[in-house]
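# Analysis of the macromolecular model
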Amino acid sequence: MSSVTTKQWLDGKPAEKWNESFIRDGYLVVDNLVDEESVEFYRDIYDRMLSGDIDTSTHRHDLGSHDEPKLATQENVCQIMWPSMYVPQLLEAPIHKRAGEIAKLLLGKDVVFDFDMLISKAGRTDTTVPWHQDEAYWPNMPDKRAVSCWVALDDAHLDNGCMWFVPESHLKSVRPHRPAAPGAHVLMCECSEAEGIAVPIAAGSCTFHHGRTLHYSRGNKTDWMRRAFIVNFRPAAMVQWERDNGFDHGKGESMQLHLQI
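Residues numbered from 1 in each chain as written. Predicted model: local features only at pLDDT ≥ 70, side-chain atom pairs only at ≥ 80, totals over all residues. Heavy atoms only, no water.

Spatially, β1-β11-β6-β13-β4-β3-β2 is the arrangement adopted by the seven strands of the open sheet, whose pairing is antiparallel. Lying at the two open borders of the sheet, with one neighbouring strand each, are β1 (27-30) and β2 (60-62). Taken over all neighbouring pairs, the strand axes of this sheet differ in orientation by 20° on average, direction set aside. Sheet topology note: the strand β6 (residues 147-152)/strand β11 (residues 206-210) ladder contains five bridges and is antiparallel. Within β11, the position partnered with W150 by the bridge is T207. Its contacts with the sheet put helix α2 (residues 15-25) on β1, β6 and β11, and the angle it makes with β1 is roughly 145°. Along the sheet, helix α5 (residues 94-107) makes contact with β1, β4 (111-121), β6, β11 and β13 (226-235), crossing β13 at roughly 45°. (Pairing = 2+ DSSP bridges. Helix = DSSP H or I, 4+ residues; strand = E, 2+ residues; numbered from the N terminus. Axes fitted to C-alpha atoms, helices over the stretch in contact; angles between N-to-C directions. Contact = heavy atoms within 4.5 Å.)

As structure tokens, this is what we get:
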């Protein structure tokens, strides 16, 4: 894995331009957040979680449960919450560290890590993650600043489920959301690709989006995996507010098992 420090990596980066773009559009693309060696490090951990070698079953869900099952042995859209709970080394690895510093540039120096997750789309699952705003999933906090960093561990493009965003939607109200299907935990709102912009990125690159930015992804129609690693940040006072109010993004107080690698 890269020996370049976060400070060294940030030197010379267009921080002011990043900030302007994020404030204007509600999302940002950062190329080459991590190099190929680091991508391989993350893929190895990711695949061990997907295979069950690292047992994440307590925090593993189907984010595509609103659609009919496409493969007998795979979720439509596999979501694993809190990968860093199972592999604490991730907290000190480049994605968390570099994304955390960029989050401070975008939202303020009081921003800290809140939670992380994996979202993967196996080949030929062809299941969308519906249009939504992340804020619709969260309690009504006094300070609504929040940003998610979505890191591609495979090239993400139109045919396998790259991100789509609606520019400037973070400046408007949260749209009414509803379950994507009866009994589904997945939420959706009225929106369409006509409002949005597709954002293909290469493996190792990432997007950042505001908690109120409308986004979605198409299904994976290819034969190959589309793996994404997501890290979320918000003000430290709001992370504490969440925990004080019993909201921990599904972590669960009883889950204390860690795997050192």
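Below, the discussion takes up the sheet that holds strand β7 (residues 163-165). Read across the open sheet, the four strands follow the order β5-β12-β7-β10; overall the sheet is antiparallel. Of all the strands in the sheet, the pair left with one neighbour each is β5 (129-132) and β10 (197-199). Between one strand axis and the next, the sheet turns by 25° as a mean value, whatever way the strands run. With three bridges connecting them, β7 and strand β12 (residues 215-217) associate as antiparallel partners. Counterpart to F165 in the pairing with β12 is H215.

This part takes up the environment of G211. Position of G211 relative to the elements: it lies in the loop between β11 and β12. The class of G211 is buried, set by a relative accessible area of 1%. Separated by 34 residues in sequence, G211 and N245 place their C-alpha atoms 19 Å apart. (Buried < 20%, exposed > 50% of the residue type's maximum accessible area, 1.4 Å probe, protein only.)

The subject of this paragraph is the layout of surface pockets. Think of a ball as big as a water molecule: rolled over the atoms, this probe shows where empty space is left. As a volume, the largest pocket reaches approximately 590 Å³. If you trace the largest pocket, you find 27 residues lining it, with L63, Q79, M81, M117 and Y137 closest to the centre. Mapped by element, the contributors of at least two residues to the lining of the largest pocket are β3 (78-81), β4, β5, β6, β12 and β13. Across the lining of the largest pocket, the residue classes break down as 13 nonpolar, twelve polar and two charged. There is about 170 Å³ of room inside the second largest pocket. Along the walls of the second largest pocket sit L91, E92, H96, K97, G100, E101, K104, V111, V112, F113 and F233, which together make up its complete lining. Listed by contribution, the elements that provide at least two residues to the lining of the second largest pocket are α5 and β4. The greatest single-element share of the lining of the second largest pocket, amounting to five residues, is contributed by α5. (1 Å grid on protein atoms, 1.4 Å probe; cavity = no way out; pocket = protein on both sides within 12 Å on 5 of 7 lines; lining within 4 Å. Points joined across faces, edges and corners; volume = space filled by probe spheres on them. Nonpolar A, V, L, I, M, F, W, Y, C, P; charged D, E, K, R; others polar.)

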